[in-house]
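One letter stands for each residue in the lines below.
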Amino acid sequence: MLNAQDWQLPTSLAAAVQEELERWVTDEKIARLWARDASLWTGGDEARWLGWLGAIEHQRGQIDAHTALAAAFRDEQVTDLLLLGMGGSSLGPEVIGRVLGASVGWPRLHVLDSTDPSQVRSVEARVDLAMSTVIVASKSGTTLEPNIFHRYFFGRIQERLGAHRAGRRFVAITDPGSQLEDVARRDGFRATIHGDPSIGGRYSVLSPFGIVPAALIGVDVAELLKRAGAMADACRNGGTTNPGLRLGVVLGIAALQGRDKLTIVASPTVAPLGAWLEQLIAESTGKNGRGIIPVDLEQLGSPDEYGDDRVFVYVRFRPAPDSQQDQRIDALMQRGQPVVRIDIAEPYDLAQEFFRWEVATAVAGAVVGINPFDQPDVEASKVETRALTDAFDATGKLPAERPLCDDGLLQVFTDGANASALAVGQGGGVRDWLRAHLSQLRPDDYFALLAYLQMSDGNIDELQAIRHAVRQRFRVATCLGFGPRFLHSTGQAYKGGPNSGVFLQVTCDEAGDLPVPGRRYTFGVVKAAQARGDFDVLAARGRRALRVHLPADVPRGLRALGEMIRAALE
């Protein structure tokens, strides 16, 4: 049975959605999508990136191979599966692992997608490296983070098992002929599993990048693919009942009408889906000054806290709904906010949502008028980061910086254009800079915290409190991303989408760094270079951005930052 989907929309939005749905039927656009007709979007290279339409059938043919590999590792009594990847290579498996979980007697999944030294150390402490399988996942095979993760963990496991036995614990998932495939051959990996070069990372969850990790933790991948296949069949329907078409048209038309903040509300059981949706939507639609800004894990407030720039999607887990979410969604609908509701009946029905949202995102891209399969602004940050790490390799240090102010605990940085616009003046303190920066928020803007910190429960709680204080004061949408993870996700929309964001980047000194084997730079240097590269590109794109740097005692620094922001909001 398909996951149910319905909606309540304001009259003008509902009329425009119905008109667009009828246009898609009249012009046979769903048939054109399945025929991989690039003219449905911009007439560019879109046809090269539609391999995800056939991923389910292809993976059905690989089930025996995937389950045989999984059984081999289980027979060796492996207890942990460590996945090293970024963006689409990590977010899809993470959702599957957190929602479905490992079956009894199978390895537990751990995902590393951060260069923060504390995060690396935390993940390492949770796994028994002598009893672990490691997946290195990278489509291109050249992505910086998985490559340095591999260097670090291969060395750590080699110390315990020796070079040959260490290699037998590693699996590569990568496109054919990649640099990672060469590394896997050199290091004696147990297996190299090829991705499909015509599937972009954020559309790859139903390809080997999602299905292989699922198999290795004992998920019934045949059932997972069966549920996804049911949605795929429904999304072939050329009529107005097509579930992917319906959702995509709502998202696209809402964005064109100024409702471009897609607020994701999900029952606790399926809440991890939001992080995957963030990447799919932001990286696909946020470009050329247009796009949809996904808002995940923002607590629902009263109807008065929202403007006319929102559309809400409520992903409700029918067996265990959150009664407070039900009540607040009802209140939003009574006040005329647009709400799409999707009901999930069983955990395995998560697979339906993967395909529904892939189709919906492709449809929304066509409605908005962009190519939903490229990411032109992601590479810009990588170029800046590479230049900084190359400089460190050559000189042993990153370029010097001078803060705008330093109160002995917190330091403030920004570029010349933002500093001039804020006009704080000489002698201004941290609170003055924060007040001037946050005062730029206007209706229909959004506030984004970009935290290059460990993604720990304590840090999350402090940053969530900050975002909600800003929302309460300014009635704007708020986002929270941890770097460098978000660079492969929402970073595209922040740089290439509508220029309506006000960004507060948060960085820190390192309490204890970690070396990258074979490199002069460390994990901490890489993270610092990524943060600087990210900020430089935001500034170059004319974004309103400020950076606050914390001491190595991050909890103390975050508490001080929270106090400063609350004072600045008064």
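In this report, the structure presented in the accompanying data block is examined. Since we're looking at a predicted model, the values are computed, not measured.

1. Side note on the side chain of Asp80
In this fold, Asp80 is placed in strand β2 (residues 80-84). Within the local environment of Asp80, its side chain forms a polar contact with the side chain of Thr79, the two groups lying 2.9 Å apart. Within the local environment of Asp80, its side chain forms a polar contact with the side chain of His110, the two groups lying 2.8 Å apart. If near-sequence neighbours (up to four positions away) are discounted, Asp80 is found in contact with Pro107, Arg108, His110, Arg126, Val127, Asp128, Met131, Ser132 and Thr133.

2. Some words on the packing of aromatic side chains
In the structure shown here, the tally under the stated rule is 18 aromatic pairs. Residues Trp52 and Phe355 carry aromatic rings whose centres are separated by 5.9 Å and whose planes lie at 55° to one another, so their mutual orientation is tilted. Taken together, the residues Trp52 in the loop between α2 (29-34) and α3 (55-60) and Phe355 in helix α15 (residues 350-368) connect sequence positions 303 residues apart. According to the relative accessible area criterion, Trp52 is buried, its value standing at 1%. Ring centres of Tyr452 and Phe486 lie 5.7 Å apart, and the angle between their planes is 70°; on these two criteria the pair is classed as edge-to-face. Linking Tyr452 in the loop between β13 (446-451) and α19 (457-474) with Phe486 in the loop between β14 (477-482) and α20 (491-496), this pair joins segments that are 34 residues apart in sequence. Across the pair, Phe486 and Tyr452 agree in class, each one buried. Put simply, the rings of Trp34, Trp41, Trp52, Tyr203, Phe355 and Phe373 pair up and form one aromatic cluster. Note that Arg236 overlies the ring of Trp34, its terminal NZ or CZ placed 3.8 Å from the centroid.

3. A few points about the packing of helix α16 (residues 378-395) against helix α21 (residues 523-540)
The contact between α16 and α21 brings their axes to 8 Å, and the two run at 135°. Classed by the angle they form, the pair α16 and α21 counts as oblique. In terms of crossing hand, the pair formed by α16 and α21 is right-handed. Here α16 contributes Ala380, Ser381, Glu384, Thr385, Leu388, Thr389 and Phe392 to the contact with α21, which in turn contributes Val525, Val526, Ala529, Gln530, Arg532, Gly533, Asp534, Asp536 and Val537. In the contact of α16 with α21, the residues fall into seven nonpolar, five polar and four charged.

4. Thoughts on α21
Along its 18 residues, α21 runs 26 Å from first to last C-alpha, staying within 8% of the 26 Å computed at 1.5 Å per residue. Of all 18 residues in α21, 15 are buried, a share of seventy percent or more. Backbone geometry just downstream of α21 places Gly542 in the positive-phi region, at approximately 75°.

What counts as what
- Residues numbered from 1 in each chain as written.
- Predicted model: local features only at pLDDT ≥ 70, side-chain atom pairs only at ≥ 80, totals over all residues.
- Heavy atoms only, no water.
- Helix = DSSP H or I, 4+ residues; strand = E, 2+ residues; numbered from the N terminus.
- Polar contact = N/O pair within 3.5 Å; in protein donor to acceptor, adjacent residues only side chain to side chain.
- Contact = heavy atoms within 4.5 Å.
- Phe/Tyr/Trp six-rings, centres within 6.5 Å; stacked < 30°, edge-to-face > 60°.
- Buried < 20%, exposed > 50% of the residue type's maximum accessible area, 1.4 Å probe, protein only.
- Lys NZ or Arg CZ within 6 Å of the ring centre and 35° of its normal.
- Axes fitted to C-alpha atoms, helices over the stretch in contact; angles between N-to-C directions.
- Parallel < 35°, antiparallel > 145°, perpendicular 65-115°, else oblique.
- Left-handed = near helix turned anticlockwise from the far one by under 90°.
- Nonpolar A, V, L, I, M, F, W, Y, C, P; charged D, E, K, R; others polar.
- Expected span 1.5 Å × (residues − 1).

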